[in-house]
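# Close look at the chain arrangement
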Amino acid sequence: MQKSLHLDAYKCTGCLQCEMACSYEKEGAFNPAKSRIKVFTFHDLGRFSPYTCTQCAEAWCLHACPVEAITTNVATGAKEVNETLCVGCKVCTISCPFGTINYNTETHKVDKCDLCGGDPACAKACPTEAIVYIDAEQTGYDKMQKYAQLNLTQGE
Amino acid sequence: MAWTEKVLRVNLTARTTFVEPLNMEWANQYLGQRGLGSKYLSEEIDPKVEPLSPENKLIMITGPLTGTMAATGGRYSIVTKSPLTSAIACSNSGGFIGAEIKNAGWDMIIFEGKADSPVYLYIENDDVKILPADDLWGNSVWKTDEMLHQKHQDPLLRVACIGRSAEQQCLYASVINDLHRAAGRSGVGTVMASKNLKAVAVRGTKGVGNIKDFPRFLNATNQAKQVLAGDSITHEGLPTYGTQVLMNVINEIGAMPTRNMRDVQFDGAERISGEAMHQIRASDNKANLTTNAACFGCTIACGRISTIDKGHFSIQNKPEYWHASGGLEYEAAWALGSDLGIDDLDALTYANFICNEDGFDPISFGSTLAAAMEMYEQGLISKAQTGGIELNFGNAEALVKMVELTAKGEGFGKELGLGSKRLCEKYGNPDLSMTVKGQEFPAYDPRGIQGMGLTYATSNRGACHLRGYTVSSEVLGVPEKTDPLTTEGKPELAKAFQDATAAIDSSGLCVFTTFAWTLDDIAPQLDAACQGDWTAEKLLEVGERIWNLERQFNLDAGLTGKDDNLPKRLLKEAAKTGPAKGKVNELGKMLPEYYQLRGWTADGVPKQETLQRLGLV
C-alpha cells in the first residue's frame with residue numbers, strides 16, 4: 001500500500017513540532033528555518049496551515065531537472081533529490097507550482113520532503129493529527145465518512 | 001549543552017554590543033530564564049537602584065529547553081527591577097520569540113543604560129544592530145510589528161516590543177511578542193520604554209543542536225508528551241476552554257474576586273466563561289472563540305484566538321478590529337469581567353485586544369479600574385475627574401473608554417496607569433487597593449483558597465498566581481487534594497509549589513505542564529539535554545536557591561517581612577456568600593510556620609545557615 005501525507009489545517013494549532021521533527025531528521029538540529037514542512041500562520045483569520053510537497057505522480061520538478069537528479073522512490077512514491085547529482089540550478093524551484101522544493105544556501109543544492117523513506121517524522125510529531133500518513137487512495141475517507149453520516153441524519 | 005553559552009550585552013547609552021560567554025557555573029546553579037536572569041541582575045545592579053533610571057538593567061533570557069522539541073519549550077523571561085513594586089521582576093512569555101532568540105544563537109540579551117533617542121535591536125543570527133526607532137515610537141505594538149515586518153521584508157521576523165502605554169509610563173506596561181503573547185506583569189515594558197528601547201526583532205536560522213544526548217532527549221520528551229496527552233486537564237480542559245476552564249469552577253467554590261474583591265462570587269461568571277466563548281452568538285451566528293492556538297513547541301495549545309461581533313458597540317465602524325486575535329485567558333476575563341462586575345463577553349475581549357495592542361497587563365489594569373470604580377461609588381472620584389464617564393461597576397462602556405485612554409496614557413487613563421496602590425493613595429482610600437507589594441491580585445480570592453493568601457503575601461514579585469499555584473492542590477486536587485478552607489499544611493504546600501515553580505520557570509518550559517507533569521517528568525528531559533546531572537531533587541534545590549536569591553534582592557532593595565501582607569479587606573471582611581462564607585484569610589496563622597520552613601528568622605530574613613546551605617554566601 002502506498003501512503004500519502006494528509007494535512008488538515010483545521011486541526012493545526014501552529015505549535016511547530018512538525019518543523020522541529022523534520023529539521024532534526026534532516027539536519028540533526030531543531031531548526032524550523034531548515035524544515036521541509038512549513039506551518040503558515042494567518043493571524044487575522046486565526047488559522048494555521050501546514051504545507052509540504054504532495055509528491056506529484058507526474059512531478060514538475062522531476063521533469064524540469066536537467067541532470068536527472070530527482071527520481072521517484074518506487075516504494076514510497078516520494079520524489080527524491082540526489083544530492084551528488086544536483087547542480088543547484090534551481091530550475092525545479094521555478095517549475096514547482098506549489099513552492100515546496102527550495103534552494104539551500106549552505107549546501108548549494110535543493111531540499112524537499114522525501115517522506116523520510118516512508119516514516120515521516122512530521123506526522124509522528126504532530127500532537128493533533130493535523131498531519132497524518134495514510135493510505136494514498138483513502139485521503140478523502142474522513143470527509144466521505146462525515147458526509148455519509150450527514151446523509152444518514154438527513155434520512156431520519 | 002542545551003545552552004548556546006553566548007550572552008549578548010547591549011549598552012544603549014554607548015550604542016555598542018558585546019558578545020560574552022555564559023557563566024556556566026551560574027547556569028548549573030540557576031538553570032536559565034528566571035533563575036539565571038535573577039542571578040545576573042543581582043550581580044550587576046544595586047538592588048536600591050531607581051527602576052526607571054539608566055542604572056537599572058533589562059534582561060531577556062531563554063531556558064536550556066527553549067527552542068527544543070520538549071513540549072512547551074518556547075518560553076523566555078524578562079528580568080529587571082520593577083517600577084510597580086520596587087522588587088525584583090520576572091515576567092515569562094510564550095509565543096515564538098524565545099525560540100527565535102535561541103535559534104539565532106543567544107541564551108540571553110542584557111540591556112544596560114539608556115539610548116538618547118528611540119532605538120530597536122535587530123538580530124539576524126550573529127549580525128546584531130542597534131537601529132533608530134524614531135518612526136516606530138508613538139505607535140502601538142500591532143503597528144510597530146507591522147512596520148518592522150515591512151521594513152525588513154521578512155515575514156518570519158519575530159518581534160517583541162512595547163506599546164504606547166509603556167511610552168506614557170503606565171507602571172504595569174508589558175512587553176508583547178508575536179502580537180498577543182505577553183511578558184505581562186510588574187511593568188517590565190515600562191522599564192524597556194525608560195531605556196528608549198522600542199523593540200527587539202529577531203531572525204534565527206542556526207537551530208538548536210547542542211543537546212547532550214539526542215536519542216535519550218527524544219525518548220524523554222516523547223514520554224513526557226504522552227503524559228500531557230493522557231491527562232484530562234492538559235489534553236481536554238486547556239485546549240478546549242483555555243485557562244478559562246477555571247471560571248465556573250472558581251466561582252462555584254466562592255473564590256471569584258468580584259467588584260474589587262467586595263464579593264467572592266459573580267452572578268455573570270457563566271456569561272464570561274470558557275464555555276460561553278464557544279456559544280454561538282445570536283447576533284452574528286458565530287462564536288467568540290475562533291480557535292485554540294499553541295505557543296512554540298506546545299502540545300497543549302491552551303491559547304485563545306477570538307473574533308468580536310462586528311456589530312458589537314466596542315468595534316462598530318472600527319474595521320481594524322474585525323479580525324481574529326488573542327482572546328481571553330482566565331486572568332484577563334476575571335480582571336476585566338467579574339472584578340468590574342461586567343458580563344459582556346465581547347466588551348471584555350475588546351479590552352483584552354487593546355491591552356495587547358498597546359502592551360499593558362490586563363490583571364493590573366482591571367484591578368486598578370475596579371478600585372477606581374469603588375472609589376467613584378464612594379464619591380472619592382468625581383465625574384469631572386473621569387472626563388464625564390460614569391465609573392460604576394457593571395458599566396461595559398466605561399471599561400471600553402478607560403482601556404482606550406490607558407492605552408494612550410490620556411485623560412483618566414493616565415491615572416489608571418499608576419496602578420491600584422498609587423491611585424488609591426492619591427484619591428484617599430489606600431485600603432481599597434487589592435495589592436501586595438504594589439502589585440494587583442490575580443483571580444483567586446484567598447478567603448476561599450487559604451493557601452493562596454500565603455503565596456500572594458510572600459511572592460517575590462508582589463501578588464501573583466504563578467509564583468506558587470496552590471490552587472492546583474486546594475481546588476483541582478493536583479498532585480493531591482487539600483481543603484481550600486483550612487490553613488493546615490499550607491505553609492509546606494506553598495513552599496513546595498514556590499520552589500518547584502521557580503525551577504520550571506527557569507527551564508524553558510511552561511508551568512501549565514504541571515497540571516500533568518511533576519518534576520519527575522521534567523528532570524529526565526533536562527538531564528538528557530544539559531551537561532551535569534539533573535534530578536527532581538536538584539531541581540527543587542535550584543528552585544529554593546532562586547527563591548532565596550530573589551528574597552535577598554528584595555531585602556537589599558529595602559523591602560521587609562512587613563511587606564508580606566494582605567489588604568485589610570481580605571483579613572477583616574468575611575466572604576459574604578458561597579462555601580467560604582464567614583471566612584477571612586488567616587495569613588497570621590500561616591506566615592510564622594512558613595518562615596520557619598524556609599529557614600528564615602521571625603522577621604522573614606534568610607538565616608545565615610540557609611544561605612550557606614544554598615550556596616548564596
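Cut-offs applied
- Residues numbered from 1 in each chain as written.
- Chains lettered and ligands numbered in written order.
- Predicted model: local features only at pLDDT ≥ 70, side-chain atom pairs only at ≥ 80, totals over all residues.
- Heavy atoms only, no water.
- Helix = DSSP H or I, 4+ residues; strand = E, 2+ residues; numbered from the N terminus.
- Rg over C-alpha atoms; globule rule 2.2 N^0.38 Å.
- Buried < 20%, exposed > 50% of the residue type's maximum accessible area, 1.4 Å probe, protein only.
- Contact = heavy atoms within 4.5 Å.
- Areas by Shrake-Rupley, 256 points an atom, 1.4 Å probe, with all protein chains shown as cover.
- Lys, Arg positive; Asp, Glu negative; His and termini not counted.
- Charge placed at Lys NZ, Arg CZ, Asp CG, Glu CD.
- Buried area = accessible area lost by both parts, 1.4 Å probe.
- Salt bridge = Lys/Arg side-chain N within 4 Å of Asp/Glu carboxyl O.
- Polar contact = N/O pair within 3.5 Å; in protein donor to acceptor, adjacent residues only side chain to side chain.
- Nonpolar A, V, L, I, M, F, W, Y, C, P; charged D, E, K, R; others polar.
- Pairing = 2+ DSSP bridges.
- Core = buried A, V, L, I, M, F, W, Y, C linked by side-chain atoms within 4.5 Å.
- Domains from an automatic or database assignment.
- Patch = residues over 30% accessible without salt bridge, like charges linked within 9 Å, V, L, I, M, F, W, Y side chains within 5 Å.
- Axes fitted to C-alpha atoms, helices over the stretch in contact; angles between N-to-C directions.
- Parallel < 35°, antiparallel > 145°, perpendicular 65-115°, else oblique.
- Left-handed = near helix turned anticlockwise from the far one by under 90°.

### With respect to the overall build of chain B
- The helix and strand inventory of chain B stands at 24 helices and 17 strands.
- What you see for chain B is a C-alpha radius of gyration of 22 Å, in line with the 25 Å of a compact globule of 617 residues.
- Reported as C-alpha extents along the three principal axes, the dimensions of chain B are approximately 60 × 55 × 45 Å.
- For chain B, the proportion of its 617 residues judged to be buried stands at 68%.
- A separation threshold of at least 6 residues defines the contact pool for chain B, and within that pool the share at least 24 residues apart is 69%.
- Carbon and sulfur atoms make up 49% of the accessible area of chain B, which amounts to about 19,400 Å² in all.
- Charged side chains in chain B number 61 positive and 76 negative. The centres of these two groups are separated by 2 Å.

### Some remarks on the interface of chain A and chain B
- Across the contact, 23 residues belong to chain A and 36 residues belong to chain B.
- When the two sides are added together, the surface that chain A and chain B hide from each other amounts to roughly 2,100 Å², 63% of it contributed by carbon and sulfur.
- Its largest share of buried area at the contact with chain B, chain A owes to Gln17(A), Phe30(A) and His43(A), together 30% of the area lost on that side.
- Put simply, chain A and chain B have zero salt bridges between them.
- In this structure, the connection of chain A to chain B is made through nine residue pairs in polar contact (both at pLDDT 80 or more).
- Elements with a contribution of two residues or more to the side of chain A that touches chain B: helix H1 (17-27) and strand E3 (47-51) of chain A.
- Sorting elements by how many residues they give to the side of chain A that touches chain B places H1(A) first, with four residues.
- Of the residues contributing to the side of chain A that touches chain B, the split by class is 13 nonpolar, seven polar and three charged.

### A look at the pairing of strand E6 (residues 108-112) of chain B
Residues and elements named next belong to chain B.
- Here E6 lies mainly inside the structure; five of its five residues are buried.
- Relative to E6, strand E1 (residues 6-11) is paired through five bridges, and the arrangement is parallel. Looking at the pairing, valine 10 lines up with phenylalanine 111 of E6.
- Inspection of the sheet shows strand E3 (residues 58-62) paired to E6 by four bridges, in the antiparallel sense. If you follow methionine 60 over to E6, its bridge partner there is isoleucine 109.

### Topic: the nonpolar core
All names here are of chain B.
- With 195 residues, the main nonpolar core has Ile250, Phe365, Leu391 and Tyr444 as its most contacted residues.
- Here this core gets nine residues from one element, more than from any other, and that element is helix H13 (residues 362-377).
- Among residues more than four places away in sequence, those in contact with phenylalanine 365 are Tyr172, Leu336, Cys355, Phe360, Leu399, Met402, Val403, Thr406 and Leu416.
- Membership of the second largest hydrophobic core comes to 33 residues, among which are Ile109, Leu121, Ala160 and Val175.

### Some words on the domain arrangement of chain B
Residue and element names in this part refer to chain B.
- According to the domain assignment, chain B contains domain 1 (6-203), domain 2 (243-433) and domain 3 (444-465 + 467-504 + 535-613).
- Taking the mean C-alpha position of each, domain 2 and domain 3 sit 27 Å from one another.
- Listed by partner, the interface residues are 22 residues for domain 2 and 21 residues for domain 3.
- Ranking the residues of domain 2 by area buried against domain 3 places Ile253, Met261 and Val264 at the top, with a combined share of 31%.
- In this structure, the connection of domain 2 to domain 3 is made through three salt bridges.
- Across the salt bridge formed by lysine 568 and aspartate 431, the nearest N and O atoms sit 3.1 Å from each other.
- At the junction of domain 2 and domain 3, the tally comes to 10 residue pairs in polar contact (both at pLDDT 80 or more).
- Breaking the side of domain 2 that touches domain 3 down by element, the ones donating at least two residues are helix H9 (246-252), helix H11 (330-336) and H13.
- Element by element, the count of residues in the side of domain 2 that touches domain 3 is highest for H9, at four residues.

### A word on a nonpolar patch on the surface
Residue and element names in this part refer to chain A.
- A cluster of nonpolar residues, Phe40, Phe42, Leu45, Tyr51, Trp60 and Phe98, forms a patch on the protein surface that exposes about 630 Å² of accessible area.
- Mapping phenylalanine 40 onto the fold places it in strand E2 (residues 38-42).
- Residue classification places phenylalanine 40 among the partly exposed residues on the basis of a relative accessible area of 43%.

### Observations regarding the packing of helix H7 (residues 214-229) of chain B against helix H20 (residues 519-529) of chain B
All names here are of chain B.
- With their axes 8 Å apart at the nearest point, H7 and H20 run at an angle of 160° to one another. Between H7 and H20, the crossing angle belongs to the class labelled roughly antiparallel. Where H7 crosses over H20, the two elements pack in a sense that is left-handed. Where H7 approaches H20, its residues Arg216, Phe217, Ala220, Thr221, Ala224 and Val227 are matched on the opposing element by Asp521, Pro524, Gln525, Asp527, Ala528 and Ala529.

### Here's the deal with the pattern of salt bridges
All names here are of chain B.
- Taken as a whole, this structure holds 52 salt bridges over all chains when the rule is applied.
- Close ionic contact of lysine 576 with aspartate 263 constitutes a salt bridge, the shortest N to O distance being 3.3 Å. Here the residue lysine 576 occupies a position in the loop between helix H22 (568-572) and helix H23 (587-598), and aspartate 263 occupies one in the loop between H9 and helix H10 (274-278), the gap between them amounting to 313 residues.
- If you follow the salt bridges from partner to partner, you end up with Arg9, Glu20, Glu44, Lys57 and Glu112 in one network.

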